[in-house]
Amino acid sequence: MSAQPNRRTAITGIGVVAPNGLQTETYWKSVEEGLSVLDRVTREGCGHLPLRVAGEVRGFDPTALIEETFLVQTDRFSHFAMAAAGAALKDAGLSDAATDSPYSVGVVTAAGSGGGEFGQRELQKLWGQGSRFVGPYQSIAWFYAASTGQISIRSGFKGPCGVVASDEAGGLDAVAHAARTVGRGTDVVVVGAAEAPLAPYSMVCQLGYPELSTVEDPARAYRPFTSEACGFVPAEGGAVLVVEDLDRARRRDADVRATVAGHAATFTGASRWDRSREGLAHAIRGALDEAGCAPEEIDVVFADAMGVPEADRAEALALADALGRHGTRVPVTAPKTGIGRSYCGAPLLDVAAAVMAMEEGRIPPTPNVVDICHDIDLVTSTARPAELSTALVLSRGLMGSNAALVLRRAPGPAAR
């Protein structure tokens, strides 16, 4: 399918499942208030592990949101994704009647860890009871592409589908992939990422990351851009967006929440934070170029905020490299310090927060962070009122991926 250059991509729906909120509005209220919900890990089988603090999604009842047919064949990470997708479609006002054809709607998700809880349970059956006790869905539930498949099957969507596996930055890459799919002629794409990396097996795998924080005090475990930065705290959850052709959205009188303006990605190597400065700066410039956006037009930056001194320094310098003097003046925020990093889901949650920040004219603060030791204007303590037209969202992965995404406030009378 050839590109249609006049097509612009609108965000018309947002669905969130996060440690600080099981609905989009609850999530935004918590983010806006700068609440931190980081706490001691309570998941069964994890008490003996050195990872003590995480962002758990609590109170989530998949049986109230997802049909039993899908529950038995899917992992917790897919439950999050399906619930968020349902909320995003409802927010977008999309139903079967609102789509021209099932082939006009695609699904794209990003994933980093897949279905660890489901996989661990079935492997325990295999070694404890024998192969006859392993369920048939073990073959698919753990797979990183499971959420894409289940969302498309559940809703009957038959358009272009895919999964992005490009490290944590894959969350932003998935949004860009969806936007380009719309540009090539697909009317609507459901896009997002949700992770559930807090099962014992998954947590043991993460212990190999030197960037992981093992600090036991929830208030001090994840403090990027400070002299006490000691790594990041993992989290569950994520967000799903509905993106579609802007003109089509207006024709159906949809509320256009924002537009996807530009994206770029680079790769600089696993844990090579010294090199990530150049790679992230290059991604920022590329995203600005695609958006036709000058550095001075960026009104807010949602930072990657790894929480590792070398990585934080590289990110601050990358902003200065790519944005010039504006890089030290533009407001920067990292709401994820209050909920943790849900790997591929983390940048999607930032995109959701960025859209709502532009709608509300308020930059959310960075929880638990006060003593900034880098030359950036980090928003802390309380939300900052601001006129926001353009947001820059950044993400880096532990394996070396870097990505930048430019969002624009919804244009014209269709905006909320």
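Cut-offs applied
- Residues numbered from 1 in each chain as written.
- Predicted model: local features only at pLDDT ≥ 70, side-chain atom pairs only at ≥ 80, totals over all residues.
- Heavy atoms only, no water.
- UniProt positions renumbered as here; feature names shortened; annotations may be inferred.
- Pairing = 2+ DSSP bridges.
- Helix = DSSP H or I, 4+ residues; strand = E, 2+ residues; numbered from the N terminus.
- Contact = heavy atoms within 4.5 Å.
- Axes fitted to C-alpha atoms, helices over the stretch in contact; angles between N-to-C directions.
- Phe/Tyr/Trp six-rings, centres within 6.5 Å; stacked < 30°, edge-to-face > 60°.
- Buried < 20%, exposed > 50% of the residue type's maximum accessible area, 1.4 Å probe, protein only.
- Lys NZ or Arg CZ within 6 Å of the ring centre and 35° of its normal.

Naming follows an unreviewed UniProt entry, where the protein chain appears as Polyketide beta-ketoacyl synthase 2 of Streptomyces lomondensis. Taken verbatim from the UniProt record of the protein chain, the Sequence similarities (unreviewed entry) comment is "Belongs to the thiolase-like superfamily. Beta-ketoacyl-ACP synthases family."

Concerning the sheet that holds strand S6 (residues 188-195)
What the 11 strands build is an open sheet, ordered S5-S4-S6-S7-S1-S8-S15-S14-S9-S10-S12; its pairing is mixed. At either end of the open sheet lies a strand with only one pairing partner, and these are strand S5 (161-164) and strand S12 (377-378). Examined bridge by bridge, strand S9 (residues 300-302) and strand S10 (residues 331-333) share two bridges and lie parallel to one another. Across the sheet, the residue bridging to Val301 is Val332, located in S10. Sheet strands touched by helix H11 (residues 309-323): S9, S10 and strand S14 (390-396). Its angle to S14, the strand with the most contacts, is close to 145°. The sheet contacts of helix H12 (residues 345-360) involve strand S1 (9-17), S6, strand S7 (237-245), strand S8 (258-267), S9, S14 and strand S15 (401-409), and relative to S14 the element is tilted by about 170°.

Digging into the packing of aromatic side chains
Scanning all chains against the criterion turns up four aromatic pairs. Between the aromatic rings of Phe143 and Tyr144, the centroid separation amounts to 4.6 Å while the plane-to-plane angle is 50°, which identifies the pairing as tilted. Classification of Phe143 by relative accessible area gives partly exposed; the value is 33%. A centroid spacing of 6.5 Å and a plane angle of 50° characterise the contact between Tyr209 and Tyr343, whose relative ring orientation is tilted. Here Tyr209, found in the loop between helix H8 (200-206) and S7, pairs with Tyr343, found in the loop between S10 and H12; they are 134 residues apart in sequence, far enough to count as distant. Overall, Tyr209 belongs to the partly exposed group, its relative accessible area being 29%. Aromatic ring contacts, followed pair by pair, group Tyr209, Phe232 and Tyr343 into a single cluster. Geometry around Phe232 places Arg341 over its ring, the cationic atom sitting 5.8 Å from the centre.

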